[in-house]
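Okay, here's what each chain looks like letter by letter:
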Amino acid sequence: MSDPAYVLDSTAFYAGIPYQGSGRYFTTYMVLEEVKHHNVGSSLIHSRVQVTEPSQESLARVKTTASKTGDIGALSQTDVSLLALALDLSQSSGGANLVTDDFAVRNVAEVLSIPLAQTSMKGGEWKNITWKIHCRGCGRDYTNPKLTVCPVCGTQLARKAANG
Ligand SMILES: [Zn+2]
């Protein structure tokens with residue numbers, strides 16, 4: 001088993017990078033630009049986080065997917081770079097959890113089968129996200145993340161991360 005790998009968005013930096021633990025951390029130059037204005041410990045970033053650029057191929061694939069899901073307007077260039085990096089890592093090094101609280105980013109990640117984690121911590125590592133899908137129409141709950149419309153009453157489903 002290799003160590004868990006994480007791709008970090010700026011909110012993950014603000015939440016705090018674990019000093020302990022065996023996780024491997026990745027981010028993009030665009031995220032680094034964002035967080036360096038906020039006095040996030042730069043020595044920590046350099047010792048624990050590998051900064052890398054995503055491939056053009058993955059950038060294109062993320063943009064195409066986000067256009068299809070309707071999330072492209074909600075994604076910043078930084079978001080696109082993170083998704084593309086997570087996609088690269090999922091193909092080359094056994095995968096990495098994308099750590100983000102951004103709904104549009106999560107939505108696109110899910111379509112691309114990128115594993116997700118949220119920025120709140122549990123036991124020194126980020127928690128993996130499990131989805132809870134709720135129908136406001138008939139009140140039913142679902143767990144299948146692929147569902148977008150309630151199969152019982154036809155209402156558009158709301159999706160949120162379940163804690164725990
Ligand atoms: Zn329903």
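Keep in mind that what you see is a predicted model, and the values were worked out from it rather than measured. (Residues numbered from 1 in each chain as written. Predicted model: local features only at pLDDT ≥ 70, side-chain atom pairs only at ≥ 80, totals over all residues. Heavy atoms only, no water.)

A. The coordination of the zinc ion, seen in detail. Bound to the zinc ion on the protein side are Cys 135 (SG), Cys 138 (SG), Cys 150 (SG) and Cys 153 (SG), at distances that span 2.3 Å. Taken together, the four donor atoms surrounding the zinc ion define angles of 97 to 119° at the centre, an arrangement classified as tetrahedral. Positions of the donor residues of the zinc ion, expressed as sequence spacing, correspond to C-x2-C-x11-C-x2-C. With Cys 138 in the loop between strand S7 (130-134) and strand S8 (141-142) and Cys 150 in the loop between S8 and strand S9 (158-162), the pair connects residues that are twelve residues apart, well separated along the chain. Judged by relative accessible area, which is 32%, Cys 138 ranks as partly exposed. (Donors = N, O, S within 2.8 Å, 3.2 Å for Na, K, Ca; no water. Tetrahedral: all angles 85-135°; square planar, octahedral: opposite > 155°, others 65-115°. Helix = DSSP H or I, 4+ residues; strand = E, 2+ residues; numbered from the N terminus. Buried < 20%, exposed > 50% of the residue type's maximum accessible area, 1.4 Å probe, protein only.)

B. Quick peek at the pairing of strand S2 (residues 24-27). Relative to S2, strand S1 (residues 5-8) runs parallel, the two sharing three bridges. Looking across to S2, one finds that Tyr 6 is bridged to Tyr 25. Summarising the sheet, S2 and strand S3 (residues 49-51) pair through three bridges and their orientation is parallel. The partner of Tyr 25 across the bridge, within S3, is Val 49. (Pairing = 2+ DSSP bridges.)

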